[in-house]
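For reference, the chains in residue letters:
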Amino acid sequence: MFTNQLNLFLQALTLAVLVVATFLVLEQRSIQQPRLSAIEATTQSHSKRLDELESRQTNALVYLETKVNNVDAKLDAATSELHQSLKMLELRSR
């Protein structure tokens with residue numbers, strides 16, 4: 001009889017511990033969920049901003065490359081014109 005009562009008491013105690021542990025786990029999750037949502041929102045925001053910055057950087061590089069190519073073409077034309085002028089001066093001086 002005593003053994004049965006002890007077993008019942010231990011089962012009730014185990015059940016109480018399981019109920020409390022379940023409650024604590026659920027409470028911890030409910031506390032962590034807003035934090036996780038905030039972290040996820042911040043991560044998405046930063047990812048979007050990074051994509052925007054990468055796009056702007058790419059656009060800036062394309063713009064600069066175009067400008068450099070234009071300057072290079074103008075420099076080539078000016079160099080060619082200078083060589084022609086030097087040849088003409090050389091021919092005139094003879």
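My aim in this report is to walk through the structure given alongside it, one point at a time. Predicted model, so just to flag it, every value in this text is computed and none were measured.

## Overview of the overall build of the protein chain
Step number 1: In terms of helices and strands, the protein chain carries one helix and zero strands.
Step number 2: Going through the 94 residues of the protein chain one by one, you find that 0% of them count as buried.
Step number 3: Accessible surface for the protein chain amounts to roughly 9,000 Å². Of this, 63% is attributable to carbon and sulfur atoms.
Step number 4: Charged side chains of the protein chain number 10 positive and 10 negative; the gap between the two group centres comes to 5 Å.

## Some details on helix α1 (residues 2-93)
Step number 1: With 92 residues, α1 should reach 136 Å at 1.5 Å per residue; the first-to-last C-alpha distance of 130 Å fits that figure.
Step number 2: In α1, a bend of some 30° at Q32 exceeds every other bend along the element, and P34, a proline, comes one to four places later.

Each value, and the rule that gives it
- Residues numbered from 1 in each chain as written.
- Predicted model: local features only at pLDDT ≥ 70, side-chain atom pairs only at ≥ 80, totals over all residues.
- Heavy atoms only, no water.
- Helix = DSSP H or I, 4+ residues; strand = E, 2+ residues; numbered from the N terminus.
- Buried < 20%, exposed > 50% of the residue type's maximum accessible area, 1.4 Å probe, protein only.
- Areas by Shrake-Rupley, 256 points an atom, 1.4 Å probe, with all protein chains shown as cover.
- Lys, Arg positive; Asp, Glu negative; His and termini not counted.
- Charge placed at Lys NZ, Arg CZ, Asp CG, Glu CD.
- Expected span 1.5 Å × (residues − 1).
- Bend = angle between axes of the 7 residues up to and from the residue.

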